[in-house]
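Structure assessment
Take a look at the letters that make up each chain.
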Amino acid sequence: MSPACHTSALLLVFMALAVAGAEQSQERSCDVIGDESSESQMERALLKKLEPLSHMRFNVTVEKGKTENYIYHFRVCREVNSTSHDFGGLVQTDIQNGKTTVIGRINETQVFNGSDWIMLIYKGGDSYGRHCSGEKRRAVIMISCKRGVTASSFSIISEEREKEQECFYLFEMDSSVACPAENSHLSVGSILLITFVSLIAVYIIGGFLYQRLIVGAKGMEQIPHFAFWQDLGNLVADGCDFVCRSKPRNAPAAYRGVGDDQLGEESEERDDHLLPM
């Protein structure tokens with residue numbers, strides 16, 4: 001074989017190994033029961049919402065006396081053991097003999113949600129032996145809302161295997177992915193009010209600095225557009241006086257005040273007795 005052919009063969013082998021390695025490294029994800037075209041938008045949205053949990057592994061140990069001691073391994077929409085290619089999303093391991101049992105598989109997934117929870121169901125697990133008429137196992141995982149926590153408190157609640165059919169393992173965990181989106185508590189009016197107050201503050205502070213530093217104003221003149229606001233205040237005062245006055249302007253006052261006219265008259269009367277006769 002020529003050196004060129006030998007080099008080409010090696011390149012082909014390396015390329016084949018790289019493609020095989022890429023396929024193995026790409027983990028399988030949840031496959032909702034039914035045809036892919038029948039998946040609803042809600043199911044796709046929920047699976048996407050659970051994606052942040054797919055890189056995490058969860059374990060819980062259950063001890064029931066000396067005969068039943070198990071460790072449950074769980075992953076969200078990923079295989080617990082990707083090398084076994086069994087689609088096992090939740091797997092039970094017997095502590096005594098190391099036997100593994102697939103409780104539910106990710107290629108038979110159902111997903112539902114409520115206001116603050118998501119229910120993930122893996123069906124198609126290994127068959128029961130003496131229980132539940134030998135049907136296949138299934139795992140039900142209830143994910144409840146807990147803000148500020150990516151995932152915690154994974155535990156098994158119960159195993160229902162005393163029925164003839166529809167037996168299941170029930171697990172629960174807390175996660176923020178199950179929480180509804182937080183709506184803004186500010187109304188449109190509140191946002192407009194905050195914007196208006198902010199603009200007023202910027203106007204007053206900016207105008208004050210401009211009048212003081214650029215124009216060189218002092219005292220009340222530092223207020224931006226001081227003459228305008230002074231005239232406006234006078235107009236508002238006149239308007240209030242006109243609208244709110246309860247009697248005509250020319251009506252006599254009900255009390256004797258001290259005015260310039262009265263002071264003038266009294267001063268003249270007081271001066272009369274000082275004139276020479």
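The rules we used
Residues numbered from 1 in each chain as written. Predicted model: local features only at pLDDT ≥ 70, side-chain atom pairs only at ≥ 80, totals over all residues. Heavy atoms only, no water. Pairing = 2+ DSSP bridges. Helix = DSSP H or I, 4+ residues; strand = E, 2+ residues; numbered from the N terminus. Axes fitted to C-alpha atoms, helices over the stretch in contact; angles between N-to-C directions. Buried < 20%, exposed > 50% of the residue type's maximum accessible area, 1.4 Å probe, protein only. Arc of directions from axis to C-beta. Contact = heavy atoms within 4.5 Å.

With an unreviewed UniProt entry as reference, the protein is termed Cation-dependent mannose-6-phosphate receptor, source organism Poecile atricapillus.

What follows is about the sheet that holds strand β6 (residues 139-145). Pairing within the open sheet is mixed, and its 8 strands lie in the order β1-β2-β3-β4-β5-β6-β8-β7. Bordering the open sheet on either side are β1 (57-64) and β7 (152-160), each of which pairs with just one other strand. Each adjacent strand pair in this sheet contributes to an overall mean axis angle of 25 degrees, direction not counted. For strand β5 (residues 117-124) and β6, the ladder comprises 6 bridges, and the chain directions are antiparallel. Looking across to β6, one finds that L120 is bridged to I141.

Attention shifts here to helix α2 (residues 41-49). Every α-helical turn comprises 3.6 residues, leaving residues that sit three or four positions apart pointing alike. Residues of α2 that are buried: E43, L46 and L47. Down the axis of α2, the sector holding all buried residues measures 100 degrees, keeping them to one side. Set apart from the buried face of α2 by more than 90 degrees, the exposed residues are Q41 and K48. The elements touched by buried residues of α2 are β4 (100-113) and β5.

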